[in-house]
There are 2 protein chains.
Amino acid sequence: MIILGVDPGLTRCGVGVIEAGAPRRLSFIHVDVVRSDPHMSQDLRLLTIYNGIAAKLDEFIPDTVSIERVFAQENRNTVLGTAQAAGVAMLAAAQRGIPVALHTPTESKLAITGNGKAQKVQMERMVARLLNLNAPPTPADAADALAIAICHALRPAGALEGGEREQHLTKAQRQWAQAAQHASRRGGVRRGM
Amino acid sequence: MIILGVDPGLTRCGVGVIEAGAPRRLSFIHVDVVRSDPHMSQDLRLLTIYNGIAAKLDEFIPDTVSIERVFAQENRNTVLGTAQAAGVAMLAAAQRGIPVALHTPTESKLAITGNGKAQKVQMERMVARLLNLNAPPTPADAADALAIAICHALRPAGALEGGEREQHLTKAQRQWAQAAQHASRRGGVRRGM
């Protein structure tokens, strides 16, 4: 199963591609950062990001696109641009009939390190180790894109958004469900919103 | 000059088309609301909105697309979906080489009624009057889409975003520049962000 991860951004949008085989058996395929010039108008920047992601989808033909979820509460100046970059990535996938999964940074940390509050350096080390890379990928957006792809591959079996079917879960599944529930309460963009 | 206005939204996205001829001479061409099913996943909803707007662009071939600006501070649950709907509208225009203008609700009220804090009913009445309609268009998203198109047509000559060249402005131009400056300070999505 080929998974293409997207760390959305208008200036730098990370794209990471992995193959997920037997349980916890992952291979690195590709990583890149799609960029748009901050001096261009918003519409042309979105077109640049969209074209860059569409080209990656056509090159690697992933089975799933895994995108980092954006939250309205992240009250930075860039949050709407980030949401729009995630939006055109979703659009490019939907136009090709590729399913989209959204995962929060907490879910990603939990799936990769077992700790939902893991430090950045710990995450980067684990991404490198899981993909058999000699060093963590740079820049940060590239590592984050691979992390969000790995997150989708390693999410606990039966992990569900919104805390459905919370009985009979393993500890990891329970933590995951809690993280997803927390994400829902924060009002982020989620499937079916 | 054909102007297509967009009142962005994920559930209901208003689209209004007008023709702007001699100064303040406007004609109504078309109004519609593109809808997506709240039960669908986010990526398919964005695809539905994108396809709906793309079809309108191909039908009416506007010279400019005028879109209501979205602000991060509007901390509703829907703000990111609204920003993403605006994003795919911008993308559809950019793919066709059609220039995009973003206008705030305050700019729209100022251009149409002369009062940046005009009530909704006053705006709807003026939209109907300016377009020679017997009654205000419904639903509200349709009226808002026409308003944002009219706003672009009636914006004061020399109106500039970000308060550039504030000397030598008429009173209307000054109010406009102030509204644009206020919008910049609020950190909304703006051209060149």
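All residue numbers refer to position in the chain's written sequence, counted from 1. By the order in which they are written, chains take letters starting at A while ligands take numbers starting at 1. The predicted nature of this model means local features are confined to residues of pLDDT at least 70 and side-chain atom pairs, given and counted, to a pLDDT of 80 or more, with totals for whole chains, interfaces and linings taken over all residues. Side-chain numbers come from the whole structure's heavy atoms, not from hydrogens or water.

S.K.: Explain the overall build of chain A to me, using residue names and the numbers behind them.
M.R.: Along its length, chain A carries six helices and five strands. Listed by position from the N terminus, the elements making up chain A come as β-β-β-α-β-α-β-α-α-α-α. Type-normalised accessible area, obtained with a 1.4 Å probe on protein chains alone, sets the label of each residue: buried when under 20%, exposed when over 50%, and partly exposed for intermediate values. Counting all 193 residues of chain A, 54% fall into the buried class. Of the roughly 8400 Å² of accessible surface on chain A, 48% is carried by carbon and sulfur atoms. Secondary structure is summarised from DSSP: a helix means a run of H or I of at least four residues, a strand means a run of E of at least two, and numbering begins at the N terminus for each. For every accessible area listed, the method is Shrake-Rupley and the probe measures 1.4 Å; residues are considered covered only by the protein chains on display.

S.K.: How would you summarise the UniProt feature "binding site: Mg(2+) 2" (unreviewed entry) in chain A if you had to cite specific residues and measurements?
M.R.: Residues and elements named next belong to chain A. UniProt positions are given in the numbering used here, feature names are shortened, and annotations may be inferred rather than shown by experiment. UniProt annotation of "binding site: Mg(2+) 2" (unreviewed entry) refers to Glu68 when read in the numbering used here. As for its placement among the helices and strands, glutamate 68 is situated in strand E4 (residues 64-68). Two residues qualify as a contact provided that any one of their heavy atoms is within 4.5 Å of a heavy atom in the partner residue. Apart from residues lying up to four places away in sequence, glutamate 68 is in contact with Val6, Asp7, Pro8, His103, Pro105 and Ile148.

S.K.: How would you explain the side chain of glutamate 107 of chain A if you had to name every residue and give the values?
M.R.: Residue and element names in this part refer to chain A. Mapping glutamate 107 onto the fold places it in helix H3 (residues 105-113). This count recognises Lys and Arg as positive and Asp and Glu as negative, with His and chain-terminal groups excluded. What makes a salt bridge here is a side-chain nitrogen of Lys or Arg within 4 Å of a carboxyl oxygen of Asp or Glu, nothing more. One buried charged side chain, glutamate 107, makes no salt bridge at all; its nearest oppositely charged neighbour is arginine 69, positioned 4.6 Å away. Polar contact is the term for a pair of N or O atoms within 3.5 Å; when the atoms are in protein, one must be able to donate a hydrogen and the other to accept it, and sequence-neighboring residues count only if both atoms are side-chain atoms. A polar contact of 3.1 Å, which involves the side chain of glutamate 107, links it to the side chain of histidine 103.

S.K.: So, the pattern of salt bridges: which residues are in play, and what are the values?
M.R.: All names here are of chain A. For the coordinates displayed, the defined rule picks out eight salt bridges over all chains. Here aspartate 32 makes a salt bridge to lysine 56, at a shortest N to O gap of 2.8 Å. Linking aspartate 32 in strand E3 (residues 26-35) with lysine 56 in helix H1 (residues 42-60), this pair joins segments that are 24 residues apart in sequence. Judged by relative accessible area, which is 10%, lysine 56 ranks as buried. Where arginine 96 meets aspartate 58, a salt bridge forms, and the shortest distance between an N and an O atom there is 2.7 Å. With arginine 96 in the loop between helix H2 (79-95) and strand E5 (100-103) and aspartate 58 in helix H1, this pair connects stretches of sequence that are 38 residues apart. On the basis of relative accessibility, which here comes to 31%, the residue arginine 96 falls in the partly exposed class.

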